Amino acid sequence: MPAEELKGAVNRLRRAQGQITGVIGMIEQGRSCEEVVTQLAAASRALDRAGFAIIATGLEHCLTDDGTGPEMERDEMRAKLEKLFLSLA
(Lines give C-alpha, C1' and ligand atoms only; values in the text may rest on other atoms or scores of the structure.)
Protein backbone atom coordinates (compact mmCIF):
# COMPACT_ATOMS: atom_id res chain seq x y z
CA MET A 1 0.00 0.00 0.00
CA PRO A 2 1.32 3.45 -0.83
CA ALA A 3 2.73 5.30 2.21
CA GLU A 4 0.88 8.52 1.35
CA GLU A 5 -2.45 6.71 1.77
CA LEU A 6 -1.43 5.62 5.27
CA LYS A 7 -0.26 9.04 6.47
CA GLY A 8 -3.18 9.34 8.90
CA ALA A 9 -2.48 5.90 10.34
CA VAL A 10 1.19 6.76 10.79
CA ASN A 11 0.19 9.96 12.63
CA ARG A 12 -2.07 7.95 14.95
CA LEU A 13 0.74 5.48 15.62
CA ARG A 14 3.12 8.31 16.46
CA ARG A 15 0.52 9.75 18.83
CA ALA A 16 0.10 6.34 20.48
CA GLN A 17 3.87 6.02 20.75
CA GLY A 18 4.01 9.33 22.62
CA GLN A 19 1.13 8.29 24.87
CA ILE A 20 2.81 4.99 25.72
CA THR A 21 6.04 6.82 26.54
CA GLY A 22 3.96 9.09 28.75
CA VAL A 23 2.34 6.12 30.49
CA ILE A 24 5.75 4.64 31.25
CA GLY A 25 6.85 7.97 32.70
CA MET A 26 3.68 8.21 34.78
CA ILE A 27 4.29 4.76 36.24
CA GLU A 28 7.90 5.63 37.03
CA GLN A 29 6.71 8.84 38.74
CA GLY A 30 4.21 6.91 40.83
CA ARG A 31 1.13 8.66 39.39
CA SER A 32 -2.33 7.47 40.33
CA CYS A 33 -3.84 4.34 38.87
CA GLU A 34 -6.72 6.36 37.40
CA GLU A 35 -4.37 8.70 35.50
CA VAL A 36 -2.28 5.81 34.17
CA VAL A 37 -5.29 3.79 33.04
CA THR A 38 -6.86 6.84 31.37
CA GLN A 39 -3.71 7.47 29.32
CA LEU A 40 -3.32 3.77 28.55
CA ALA A 41 -6.90 3.65 27.25
CA ALA A 42 -6.20 6.65 25.01
CA ALA A 43 -3.12 4.91 23.59
CA SER A 44 -5.13 1.75 23.01
CA ARG A 45 -7.83 3.69 21.10
CA ALA A 46 -5.17 5.36 18.96
CA LEU A 47 -3.68 1.95 18.10
CA ASP A 48 -7.12 0.53 17.27
CA ARG A 49 -7.95 3.46 15.01
CA ALA A 50 -4.62 3.15 13.22
CA GLY A 51 -5.28 -0.54 12.69
CA PHE A 52 -8.73 0.11 11.27
CA ALA A 53 -7.35 2.80 8.97
CA ILE A 54 -4.73 0.39 7.66
CA ILE A 55 -7.31 -2.35 7.10
CA ALA A 56 -9.71 0.10 5.44
CA THR A 57 -6.98 1.17 3.04
CA GLY A 58 -6.31 -2.47 2.20
CA LEU A 59 -10.02 -3.06 1.70
CA GLU A 60 -10.26 -0.05 -0.57
CA HIS A 61 -7.45 -1.45 -2.71
CA CYS A 62 -9.21 -4.81 -2.78
CA LEU A 63 -12.52 -3.25 -3.87
CA THR A 64 -10.96 -1.12 -6.59
CA ASP A 65 -9.31 -4.17 -8.14
CA ASP A 66 -10.50 -4.64 -11.70
CA GLY A 67 -12.06 -7.97 -10.74
CA THR A 68 -10.04 -10.01 -13.20
CA GLY A 69 -8.67 -12.37 -10.53
CA PRO A 70 -10.19 -15.79 -9.95
CA GLU A 71 -13.07 -16.07 -7.47
CA MET A 72 -10.94 -18.12 -5.09
CA GLU A 73 -8.43 -15.28 -4.74
CA ARG A 74 -11.20 -12.79 -3.94
CA ASP A 75 -12.74 -15.18 -1.41
CA GLU A 76 -9.35 -15.68 0.24
CA MET A 77 -8.79 -11.92 0.38
CA ARG A 78 -12.21 -11.42 1.95
CA ALA A 79 -11.44 -14.05 4.57
CA LYS A 80 -8.10 -12.42 5.35
CA LEU A 81 -9.66 -8.97 5.70
CA GLU A 82 -12.41 -10.35 7.92
CA LYS A 83 -9.80 -12.02 10.13
CA LEU A 84 -7.89 -8.72 10.35
CA PHE A 85 -11.01 -6.81 11.40
CA LEU A 86 -11.82 -9.40 14.02
CA SER A 87 -8.27 -9.28 15.40
CA LEU A 88 -8.89 -5.64 16.36
CA ALA A 89 -12.31 -6.30 17.89
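Fair warning: this is a prediction, and the values are worked out from it, not measured in the lab.

Caption draft 1: Representation of the overall build of the chain. The helix and strand tally for the chain stands at three helices and zero strands. In sequence order, the chain lays out its α and β elements as α-α-α. Going through the 89 residues of the chain one by one, you find that 20% of them count as buried. Of the contacts made within the chain by residues no fewer than 6 positions apart, 70% connect residues no fewer than 24 positions apart. For the chain, the exposed area adds up to about 6600 Å²; of that, 58% sits on carbon and sulfur atoms.

Caption draft 2: Quick peek at the side chain of Q19. Along the polypeptide, Q19 turns up in helix α1 (residues 7-29). Residue class for Q19 comes out buried when judged on its relative accessible area of 18%. Once you skip the residues sitting within four places of it in the chain, Q19 turns out to touch Q39, A42, A43 and A46.

Caption draft 3: How the structure looks around α1. The first and last C-alpha atoms of α1 sit 33 Å apart over 23 residues, in line with the 33 Å expected at 1.5 Å per residue. One or two steps after α1, the chain reaches G30, where phi turns positive at roughly 75°.

Caption draft 4: Spotlight on the pattern of salt bridges. Scanning the model with the defined rule gives one salt bridge in all. E35 is the salt-bridge partner of R31, the closest N and O atoms lying 3.3 Å from each other.

Caption draft 5: Focus on a nonpolar patch on the surface. On the surface, a nonpolar cluster with roughly 360 Å² of combined accessible area is contributed by L13, I20, I24, L47 and I54. Listing elements by their share of the nonpolar patch, those giving two or more residues are α1 and α2 (33-63). Top contributing element to the nonpolar patch by residue count: α1, with three residues. When you line up the elements, L47 lands in helix α2.

Definitions and cut-offs
Residues numbered from 1 in each chain as written. Predicted model: local features only at pLDDT ≥ 70, side-chain atom pairs only at ≥ 80, totals over all residues. Heavy atoms only, no water. Helix = DSSP H or I, 4+ residues; strand = E, 2+ residues; numbered from the N terminus. Buried < 20%, exposed > 50% of the residue type's maximum accessible area, 1.4 Å probe, protein only. Contact = heavy atoms within 4.5 Å. Areas by Shrake-Rupley, 256 points an atom, 1.4 Å probe, with all protein chains shown as cover. Expected span 1.5 Å × (residues − 1). Salt bridge = Lys/Arg side-chain N within 4 Å of Asp/Glu carboxyl O. Patch = residues over 30% accessible without salt bridge, like charges linked within 9 Å, V, L, I, M, F, W, Y side chains within 5 Å.

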